[in-house]
Amino acid sequence: MDDRQERVAIVTGAGTGIGQAIALKLAEAGVRTFIVGRRPAPLEETVARSPKANPIVALSADITNPADRGRAVQAALEKFGRIDILINNAGVSSIAPLLSSTEEEWRRVMATNVDAAFFMSQAVLPSMRERQWGRIVNIGSVYGVLALNPALYDAFTDEGALGPKRQPAYHTSKGAILNLTRDLAAAVARWKITVNTVSPGMVITEQSDGILSPEVERKLCDMTPLGRFGKPEEIAYAVRFLASDEAAFITGAEIRVDGGWTIW
Amino acid sequence: MTHPPGRLEGEVALVTGAARNIGAATAIRLAAEGAAVAVHYHSEASRADAEAVASGIRAERGRAIAIAGDVAREDDVAAIVAAVTEALGGPTILVNNAAASVAGAAPWHILKPKEWDAVLRANVTGTFLFARAVYPFMQRRGRGRIITMGSVRSPLGRPGNAHYTASKSALEGMGRVLAREMGPDGITVNTIIVGAIRTAAEAAYGDPAEVDRQLLELQSIKRRGEPRDIAGIVAFLASRDADFITGQSITVDGGWSMT
């Protein structure tokens, strides 16, 4: 028997949706789970749903802030003595007309989606190296490989002289995650740490339910071979698999959980 | 962090080419999760190994049969599926693992058209025939899994055995079409891009120590891949945990093709 019951995970952005589902599935599987997010209220909600026998521990921290990152990792190490699994899930987007989108917004998206994923990884690597075991799972997106087709959504309107509304920073950041995954995987394989990406497709969360119009929803489902949206747990199952001992030979890889959206 | 036991209770898995190596490990693994398993093998030479896999599963109180046939022949495939259905029930999980063995590294220009046809026939047509034969059961049930073994040779373009690589690339494209056509039936279709998994047959490539050395230089993970590394992801893809994954090619190669 290995020491899997003792394993410790950090999940970023785990107050809502996919991050919350990941934290809950890890905790239910016996992993001692630590969640990090900016706002305390949603984190507490995740904690409230966690299994009584293995309660999730919350720490509010801004992962784009180096001091906060250090504090979060230190707190996990002090409480549990080790970090074995890191799930870089926190992500933001910024939608604006192409010609008026700002550098500040671009930086904000990159800071959370890309910079924090790398520097959180950097912060936990020494503990993983010490134990010669580690799993880093980055949450990507089907938009790491696809451009946005505005015809599919209501929100991406044409703003005349300012051009179409888009979210280029988001697409860029999720593309970056795929190659960060590969290069980091190549770097840390020597310490028996794997790094992989799980890329969700269209997923309906409690937060996003009702945001899309019924017409848009139908159009998107019609373009998905499985004919429906994904559930947050379905992303969590793929993450749980990659974080397990069984996935030891998988590294630098991507698992898309998208109902076949990207092959349409 | 273990998976709930019996994830595949009530499923009937048909694993082609399951006498040894990846196929055998996969059959045993699916059985351990509760599936009844048909252990397919090709020729008389593999019978004893296939029977041993099946009886090993039965010894663990699983349900399994060993069954022979040529995947390249339509009537053989039909007979295999009929026999599996009678013994275990209609297949709900199909693992396309059988492949024409082409150990060695023949340059493309010495391949004979006859050899080319035989490899494409077994690997591509065989997969098509099996998918076609099991589809009615999966469709009726409103759920099913087709999991096919691709190869890292496709993305890498490794020199030698162009027929084998062509067949493995064909399976990926075909898999995407099947995923779209069968999606409405609740059937998922995925391909595993298999890296270098240690087998006895690889002696054909030369001195085993030298094969190890070369592969470990190419892989990021400095140990050889083992059949269980593939069996684990097959079990995941076969389970309800992977309900929303379809049309994918998932690489399991120890960080080889990414560098």
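I will try to describe carefully the structure that is included in this document. For clarity, every value in this text was computed on a predicted model and none was experimentally measured.

### Digging into the sheet that holds strand 6 (residues 187-194) of chain B
Residue and element names in this part refer to chain B. Spatially, the seven strands line up as an open sheet ordered 3-2-1-4-5-6-7, and their pairing is parallel. Each having just a single partner strand, strand 3 (64-68) and strand 7 (249-252) make up the two edges of the open sheet. Going across the sheet, the axis of each strand differs from the next one's by a mean of 20°, ignoring polarity. Inspection of the sheet shows strand 2 (residues 36-41) paired to strand 3 by five bridges, in the parallel sense. Counterpart to A38 in the pairing with strand 3 is I65. Contacts from helix 6 (residues 162-182) reach strand 5 (144-151), strand 6 and strand 7, with the element oriented near 160° to strand 6.

### Quick notes on the sheet that holds strand 1 (residues 8-12) of chain A
Residue and element names in this part refer to chain A. Judged by pairing direction, the sheet is parallel, and its seven strands sit side by side in the order 3-2-1-4-6-8-9 without closing on themselves. Every other strand in the sheet has two partners, leaving strand 3 (57-60) and strand 9 (254-257) as the edge strands with one partner each. This sheet shows a mean twist of 20° between the axes of neighbouring strands, independent of strand direction. Along the sheet, helix 5 (residues 168-188) contacts strand 6 (134-139), strand 8 (193-200) and strand 9; its crossing angle with strand 8, the most-contacted strand, is approximately 165°.

### Section: the interface of chain A and chain B
Where the parts come together, the accessible area they lose is often given as the size of the interface. Every contact between the two is made by 32 residues of chain A and, on the other side, 27 residues of chain B. Elements represented by at least two residues in the side of chain A that touches chain B include exactly helix 5, helix 7 (232-242) and strand 9 of chain A. Of the residues contributing to the side of chain A that touches chain B, the split by class is 18 nonpolar, eight polar and six charged.

### Observations regarding the nonpolar core
Within the largest apolar cluster, 152 residues are counted, with the highest numbers of intra-cluster contacts made by I22 of chain A together with A13, L30, V37, V39 and V53 of chain B. Ignoring any residue separated from it by four or fewer positions in sequence, one finds V53 of chain B in contact with A18, A19, A24, A27, I28, V39 and A66 of chain B.

### Details of the environment of N97 of chain B
Residues and elements named next belong to chain B. When you line up the elements, N97 lands in the loop between strand 4 (93-96) and helix 4 (113-141). Linking N97 and T127, residues 30 residues apart in sequence, is a C-alpha distance of 8.8 Å. In this structure N97 touches V15, T16, G17, A18, I22, G23, T26 and M149, once residues within four positions along its chain are discounted.

Analysis parameters
- Residues numbered from 1 in each chain as written.
- Chains lettered and ligands numbered in written order.
- Predicted model: local features only at pLDDT ≥ 70, side-chain atom pairs only at ≥ 80, totals over all residues.
- Pairing = 2+ DSSP bridges.
- Helix = DSSP H or I, 4+ residues; strand = E, 2+ residues; numbered from the N terminus.
- Axes fitted to C-alpha atoms, helices over the stretch in contact; angles between N-to-C directions.
- Contact = placed C-beta atoms within 7 Å.
- Nonpolar A, V, L, I, M, F, W, Y, C, P; charged D, E, K, R; others polar.
- Core = buried A, V, L, I, M, F, W, Y, C linked by C-beta atoms within 7 Å.
- Buried ≥ 20, exposed ≤ 12 C-beta atoms within 10 Å, placed from the backbone.

Take it as geometry only, folks, not as evidence of what the structure does.
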